[in-house]
Amino acid sequence: MKIDVLTLFAGMFAGPLDESIIRRARDAGLLKLAIHNLRDYAHDRHKTVDDKPFGGGPGMLLKPEPIFEAVEKLAGEKTRVILLSPSGRKFNQSIARELAEAGDLLLITGHYEGFDERIRQELADDELSIGDYVLTNGALPAMVVIDAVTRLLPGVLGDDQSSQEESFSEGLLEYPQYTRPAEFRGMKVPEVLLSGNHAEIARWRAEQARVRTQERRPDLIRKTE
Ligand code: 4GX
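Values in this document were obtained by computation on a predicted structure and should not be read as measured data.

1. Quick look at the nonpolar core
And then number 1: Ranked by size, the top nonpolar core spans 28 residues in total, and within it Ile3, Phe91, Leu99, Leu107, Leu128, Val145 and Ile146 carry the most contacts.
And then number 2: Among the secondary structure elements, those contributing two or more residues to this core are strand E1 (2–7), helix H1 (20–27), strand E5 (80–90), helix H3 (93–100), strand E6 (105–109) and helix H5 (139–150).
And then number 3: With seven residues, the single largest contributor to this core is H5.
And then number 4: If sequence neighbours within four positions are ignored, Leu99 has contacts with Met1, Arg80, Ile82, Phe91, Leu105, Leu128, Val145 and Val149.
And then number 5: Counting residues in hydrophobic clusters, the runner-up holds 18 residues, among them Val49, Leu62, Ile67 and Leu106.

2. Considering helix H8 (residues 198–216)
And then number 1: Here H8 spans 27 Å end to end across 19 residues, near enough to the 27 Å set by a 1.5 Å rise per residue.
And then number 2: Residues Ile201, Trp204, Ala209 and Thr213 constitute the buried set of H8. Buried residues of H8, seen end-on, are gathered within an arc of 155° and therefore sit on one face of the element. Seen from the buried face of H8, the exposed residues on the opposite side, beyond 90 degrees, are Arg203 and Glu215.

3. Structural notes on the pairing of strand E2 (residues 32–37)
Here is the key point about a regular strand: its side chains alternate between the two faces of the sheet.
And then number 1: Here E1 runs beside E2; their pairing, made up of six bridges, is parallel. Counterpart to Thr7 in the pairing with E2 is Asn37.
And then number 2: Between the parallel elements E1 and E2, the chain passes through H1 in a crossover that is right-handed.

4. Brief notes about the packing of H3 against H5
And then number 1: Two elements in contact, H3 and H5, have axes whose closest approach is 8 Å; the angle formed by their N-to-C orientations is 70°. In terms of axis orientation, H3 runs roughly perpendicular to H5. Facing Ala96, Leu99 and Ala100 of H3, the residues of H5 in contact are Val145, Ala148 and Val149.
And then number 2: Class assignment for the residues of the contact of H3 with H5 results in six nonpolar, no polar and no charged.

5. Overview of the sheet that holds strand E4 (residues 61–62)
And then number 1: Read across the open sheet, the three strands follow the order E3-E4-E7; overall the sheet is mixed. The sheet is open, and its two borders are formed by strand E3 (50–51) and strand E7 (114–115), each paired with just one other strand.
And then number 2: With two bridges connecting them, E3 and E4 associate as antiparallel partners. Paired with Asp50 across the bridge in E4 is Leu62.

6. Examining the pattern of salt bridges
And then number 1: Summed over all chains, the structure comprises 15 salt bridges.
And then number 2: Taking the shortest distance from any N to any O, the salt bridge between Asp104 and Lys78 comes out at 3.6 Å. Pair noted here: Asp104 is in the loop between H3 and E6 and Lys78 is in the loop between helix H2 (64–74) and E5, with a separation of 26 residues, a long-range link.
And then number 3: The shortest N-O distance in the salt bridge between Arg210 and Glu207 comes to 3.2 Å. Of this pair, Arg210 and Glu207 are both found in helix H8, three residues apart, which corresponds to roughly one turn of the helix.
And then number 4: Among the residues examined, Glu207 registers a relative accessible area of 38% and is labelled partly exposed.
And then number 5: A single network of salt bridges, built from pairs that share partners, joins Asp18, Arg23, Arg26 and Asp27.

Definitions and limits used
- Residues numbered from 1 in each chain as written.
- Predicted model: local features only at pLDDT ≥ 70, side-chain atom pairs only at ≥ 80, totals over all residues.
- Heavy atoms only, no water.
- Core = buried A, V, L, I, M, F, W, Y, C linked by side-chain atoms within 4.5 Å.
- Buried < 20%, exposed > 50% of the residue type's maximum accessible area, 1.4 Å probe, protein only.
- Helix = DSSP H or I, 4+ residues; strand = E, 2+ residues; numbered from the N terminus.
- Contact = heavy atoms within 4.5 Å.
- Expected span 1.5 Å × (residues − 1).
- Arc of directions from axis to C-beta.
- Pairing = 2+ DSSP bridges.
- Right-handed = clockwise from strand over helix to strand, strands pointing away.
- Axes fitted to C-alpha atoms, helices over the stretch in contact; angles between N-to-C directions.
- Parallel < 35°, antiparallel > 145°, perpendicular 65-115°, else oblique.
- Nonpolar A, V, L, I, M, F, W, Y, C, P; charged D, E, K, R; others polar.
- Salt bridge = Lys/Arg side-chain N within 4 Å of Asp/Glu carboxyl O.

Function cannot be read off these values alone, since they describe shape.
And the structure:
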């Protein structure tokens, strides 16, 4: 998969996507990542990318010309063009799966108060939010989407990790887990986990996951029912 990113903060993308699993996916050619500076698509003397909203109001908007030009250059027929903003649909694991199976992606990261509406109307196939809080710009949301999508691409995770993805516990929170020592500062590992009784261990874990999910994330239980 190829992912292009259009941003005013290309420098923010150095680091998080250069480590670990994403690094290996890029080195293996499973993810082709390209970061583009929006300012390179502004052609006036001051490389203007923003302007005041018609009708007044606070802040600045990303103006259409540089973004239209960039999309026309970077997006192919099958490229999914996605805006990142708090007004988007809320990103989740099922959207990550959907994107991992789509064609190439072009992520456009907002800045200022937002986008000129014509960018939404004419260019965007989708608009995503990573959650109901306000960030300073869309670079972190773009990296969150890239990370969640890349680990789902075929060949990126080892067989062990991929099968975990599909296990029965999906849709529920993790059951409590312990490693050695069996007793640490007086805190004991639950007896059942030391018993060697695999059926009983499986039952205990399923029950713990259910109770924990009910207490912390009842919204997840309603979803799977
Ligand atoms: N999930 N931000 C975008 C500027 C902006 C504002 C309005 C378009 C419309 C965010 C989030 C997020 C901060 C990125 C404001 N762009 N993006 N930026 N939460 O908070 O995606």
